[in-house]
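# Tertiary structure, described
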Amino acid sequence: MALDQSFVGRSYPPTAPYEVGREKIREFAEAIGDANPVYLDAEAAKALGHPEVIAPPTFVFAITFRAAEQVIGDPQLGLDYNRVVHGDQRFAYTRPVRAGDRLAVTSTIEKIKSMAGNDILDIRGEVHDEAGEHVVTAWIKLVARAADEEA
Amino acid sequence: MTAKIAYDEVEVGTELPAQSFPVTRATLVRYAGASGDFNPIHWNEKFAVEVGLPDVIAHGMFTMAEAARVVTDWVGDPGAVVEYGVRFTRPVVVPNDDTGALIEVSAKVAAKLEENRVRVDLTATSAGQKVLGMARAVVRLA
């Protein structure tokens with residue numbers, strides 16, 4: 001069943017702030033095998049002009065995806081998450097995420113399309129810091145495969 | 001932001017040093033913990049097969065993170081990345097053995113933009129097949 005087009009443009013309330021920890025950044029950098037000192041060592045980060053260790057570019061996904069789950073799990077939208085795959089992902093940065101940031105995400109449904117029985121949902125997550133300054137915007141495209149594919 | 005590559009030193013077609021990234025089941029378990037993505041298709045073979053996959057597959061976001069390293073290692077400061085996007089076209093299948101899979105990433109400068117920015121186009125393959133499409137980063141150079 002196609003998703004309701006009237007949800008396009010709908011925004012959800014900003015999430016409670018996520019506090020970015022130094023050790024969480026370290027854990028993530030180690031998990032992707034990236035030993036760039038700018039992720040691990042505040043002095044190395046300062047040498048490049050950052051006030052604190054920064055996070056790898058895709059680190060913020062965990063935060064924006066959690067915010068997108070508000071949309072995905074919205075019973076009124078009625079998306080069947082069991083059929084969903086991650087289609088596209090994109091980020092546009094005003095500045096890198098860094099340790100100590102308290103980040104809130106506002107999710108908006110940007111587009112809903114139906115193609116060959118698949119539902120395609122584009123969600124934009126605007127990430128702001130505690131001062132209200134823009135840090136990064138994340139776009140996620142989710143594809144819910146047609147239900148009869150499994151039959 | 002302190003890129004170590006100067007805008008004037010690169011041209012359209014300039015290749016970034018290519019890299020290969022091994023990924024085993026242990027890598028995926030670790031990434032699941034670090035990223036908070038515990039979808040069982042990334043660690044439970046039985047579940048993966050039940051939902052129609054050939055085997056456990058890597059997190060798309062893991063592949064995206066590895067591909068980014070070709071750009072961030074080149075430019076020096078990851079803070080120089082202005083935009084980054086990919087399409088997940090094929091899964092990286094990770095067998096349950098000591099070798100796992102290999103993600104091979106190459107990249108080249110595709111366009112010179114204003115304000116010292118360049119667009120870098122990436123190619124990521126595993127087992128000889130492209131796993132990312134439309135993989136592009138915009139980077140601000142020195």
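Residues numbered from 1 in each chain as written. Chains lettered and ligands numbered in written order. Predicted model: local features only at pLDDT ≥ 70, side-chain atom pairs only at ≥ 80, totals over all residues. Heavy atoms only, no water.

### Concerning the overall build of chain A
Convention followed: A helix here means a DSSP run of H or I that spans at least four residues, while a strand means a run of E at least two residues long, and both kinds are numbered starting from the N terminus. For the exposure calls, accessible area comes from a 1.4 Å probe over protein chains only, and a residue counts as buried if that area is under 20% of its type's maximum, exposed if over 50%, partly exposed in between. A contact between two residues is defined here by any heavy atoms of the two lying within 4.5 Å. Here the open area of atoms and residues is found with the Shrake-Rupley method and a 1.4 Å probe, where only the protein chains shown may cover a residue. Here the positive residues are Lys and Arg and the negative ones are Asp and Glu; neither His nor the chain ends is included. For this purpose, a charge sits on NZ of Lys, CZ of Arg, CG of Asp or CD of Glu.
Of regular secondary structure, chain A possesses three helices and five strands. In chain A, the succession of α and β elements from N to C terminus is β-α-α-α-β-β-β-β. For chain A, the C-alpha atoms occupy an extent of roughly 55 × 30 × 20 Å along the three principal directions. Across the 151 residues that make up chain A, the buried fraction comes to 52%. Sequence-distant contacts, at least 24 apart, represent 69% of the contacts inside chain A between residues at least 6 apart. Summed over its atoms, the accessible surface of chain A is roughly 7000 Å², and 51% of this surface lies on carbon and sulfur atoms. In chain A, which carries 16 positive and 24 negative side-chain charges, the distance between the mean positions of the two groups comes to 2 Å.

### Observations regarding the side chain of Asp129(A)
Residues and elements named next belong to chain A. Threshold: What qualifies as a polar contact is a pair of N or O atoms within 3.5 Å, subject to a donor-acceptor requirement within protein and to the restriction that residues adjacent in sequence count only when both atoms come from side chains.
With respect to the secondary-structure elements, Asp 129 resides in the loop between strand E4 (118–128) and strand E5 (134–144). For Asp 129, a relative accessible area of 15% corresponds to the buried category. A polar contact is formed between the side chain of Asp 129 and the backbone nitrogen of Ala 131, at a distance of 3.0 Å. Among the polar contacts listed, one links the side chain of Asp 129 to the backbone nitrogen of Glu 133, at a separation of 2.8 Å.

### Observations concerning the nonpolar core
All names here are of chain B. Let me state the cut-off plainly: Nonpolar cores were defined as sets of buried Ala, Val, Leu, Ile, Met, Phe, Trp, Tyr and Cys residues, with membership established by side-chain atoms within 4.5 Å.
Within the largest apolar cluster, 91 residues are counted, with the highest numbers of intra-cluster contacts made by Trp 74 and Tyr 84. Per-element accounting of this core gives the leading share, 10 residues, to helix H3 (residues 60–75). With sequence-adjacent residues up to four places away left out, Trp 74 is seen in contact with Lys 4, Ile 5, Val 10, Leu 16, Pro 17, Arg 69, Val 109, Val 118, Val 120 and Leu 141.

### Topic: the UniProt feature "domain: MaoC-like" (unreviewed entry) in chain B
To be explicit about the condition: UniProt positions are given in the numbering used here, feature names are shortened, and annotations may be inferred rather than shown by experiment.
UniProt records the feature "domain: MaoC-like" (unreviewed entry) at residues 13–124 of chain B, using the numbering of this structure. When the span residues 13–124 of chain B is considered, its composition is 29% helix and 33% strand, and the gap between its end C-alpha atoms is 17 Å.

### Regarding the interface of chain A and chain B
In plain terms, the rule: Two parts placed together each lose some accessible area under a 1.4 Å probe, and the buried area is that loss summed for both. A pair is scored as a salt bridge if a Lys or Arg side-chain nitrogen falls within 4 Å of a carboxyl oxygen belonging to Asp or Glu. DSSP-based pairing: two strands are paired if at least 2 bridges between them are found.
Taken together, the 29 residues of chain A in the interface contact 28 residues of chain B. Of the roughly 2400 Å² buried at the junction of chain A and chain B (both faces included), carbon and sulfur atoms supply 55%. Scanning the region where chain A abuts chain B turns up three salt bridges. Here Arg87(B) and Asp88(A) are joined by a salt bridge, their closest N and O atoms 3.0 Å apart. If you look at where chain A meets chain B, you find 11 residue pairs in polar contact (both at pLDDT 80 or more). Going through the elements one at a time, helix H1 (22–31), helix H3 (61–72) and strand E2 (84–93) of chain A are the ones with two or more residues in the side of chain A that touches chain B. For the side of chain A that touches chain B, the element with the most residues is E2(A), which contributes eight residues. As defined by bridge partners, E2(A) adjoins strand E2 (residues 81–88) of chain B across five bridges and the pair is classed as antiparallel. In the sheet register, Phe91(A) faces E2(B), and the bridge partner there is Tyr84(B).

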